[in-house]
Amino acid sequence: MSGHQPKDIRVAYLVLLFLGLVGGHHFYLGNLVRGVLHLLIGMTGLVLFVYGFVPATGGGELKPYVAIFGFITLCASGGLMVWDAIMLSSRIPR
């Protein structure tokens, strides 16, 4: 007995839908390296996007260029999520 449970494609798509921007579906499928990379890209984009709109304490300025870079990073993570949605069925062994 190998100890590996077969993965359900419906669960994989649900995880992709709710945690796709941070690579949750990769962790579900056992792709730890891809999951960590996707998590880093998604969280970096989210942090930069929010940081660009939150003024620093003490009346600091907004940083729209940081927010734009965060938005671009989030778009890249979203693009990876769409690509994964297209390719997901081929990554689950039958």
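What counts as what
- Residues numbered from 1 in each chain as written.
- Predicted model: local features only at pLDDT ≥ 70, side-chain atom pairs only at ≥ 80, totals over all residues.
- Heavy atoms only, no water.
- Axes fitted to C-alpha atoms, helices over the stretch in contact; angles between N-to-C directions.
- Helix = DSSP H or I, 4+ residues; strand = E, 2+ residues; numbered from the N terminus.
- Parallel < 35°, antiparallel > 145°, perpendicular 65-115°, else oblique.
- Left-handed = near helix turned anticlockwise from the far one by under 90°.
- Nonpolar A, V, L, I, M, F, W, Y, C, P; charged D, E, K, R; others polar.
- Core = buried A, V, L, I, M, F, W, Y, C linked by side-chain atoms within 4.5 Å.
- Buried < 20%, exposed > 50% of the residue type's maximum accessible area, 1.4 Å probe, protein only.
- Contact = heavy atoms within 4.5 Å.
- pLDDT = per-residue confidence, 0-100.
- Salt bridge = Lys/Arg side-chain N within 4 Å of Asp/Glu carboxyl O.
- Phe/Tyr/Trp six-rings, centres within 6.5 Å; stacked < 30°, edge-to-face > 60°.
- Lys NZ or Arg CZ within 6 Å of the ring centre and 35° of its normal.

Peer 1: Lay out the packing of helix H3 (residues 32-53) against helix H4 (residues 64-91) with the relevant residues and their values.
Peer 2: Where H3 contacts H4, the two axes come as close as 7 Å, and the packing angle between them is 150°. Looking at the two axes, H3 sits roughly antiparallel to H4. The way H3 lies across H4 gives a crossing that is left-handed. Looking at the contact of H3 with H4 residue by residue, the class counts come to 14 nonpolar, seven polar and three charged.

Peer 1: Provide a residue-level description of the nonpolar core, including the pertinent values.
Peer 2: Judged by nonpolar contacts, Ala12, Leu16, Leu29, Leu88 and Ile92 together constitute the single largest core of five residues. Excluding residues within four positions of it along the chain, Leu88 makes contact with Ala12, Tyr13, Leu16 and Leu29.

Peer 1: Could you give an account of the confidence of the model for the chain, with specific residues and numbers?
Peer 2: Looking at the chain as a whole, its pLDDT mean stands at 87, while 91% of the residues score no less than 70. No element of the chain has a lower mean pLDDT than H4, at 92, and none a higher one than helix H1 (residues 9-19), at 94.

Peer 1: Any details on the pattern of salt bridges? Residues and values, ideally.
Peer 2: Where charged atoms from two side chains of opposite charge come close, those side chains can pair. The tally for this structure, following the rule as stated, stands at one salt bridge. Across the pair Asp8 and Arg10 runs a salt bridge, and its minimum N-O distance is 3.2 Å. Residue Asp8 is classed as partly exposed on the basis of its relative accessible area, which comes to 26%. Residue class for Arg10 comes out exposed when judged on its relative accessible area of 60%.

Peer 1: Help me get a handle on the packing of aromatic side chains, residues and values and all.
Peer 2: Per the counting criterion, the structure on display carries two aromatic pairs. Between Phe49 and Phe53, the ring centres sit 5.2 Å apart and the planes meet at 75°, which makes this aromatic pair edge-to-face. Within this pair, Phe49 and its partner Phe53 are both found in helix H3, separated by four residues, close to a single helical turn. Judged by centre distance (6.3 Å) and plane angle (40°), the rings of Phe49 and Phe71 are tilted. Separated by 22 residues along the polypeptide, Phe49 in helix H3 and Phe71 in helix H4 bring together distant segments of the chain. Among the aromatic residues, ring-to-ring pairing joins Phe49, Phe53 and Phe71 into one connected group. Directly above the aromatic system of Tyr28 lies the positively charged group of Lys7, at a separation of 5.0 Å from the ring centroid. Its guanidinium or amino end placed over the ring of Tyr51, Lys63 lies 4.7 Å from that ring's centre, counting from NZ or CZ.

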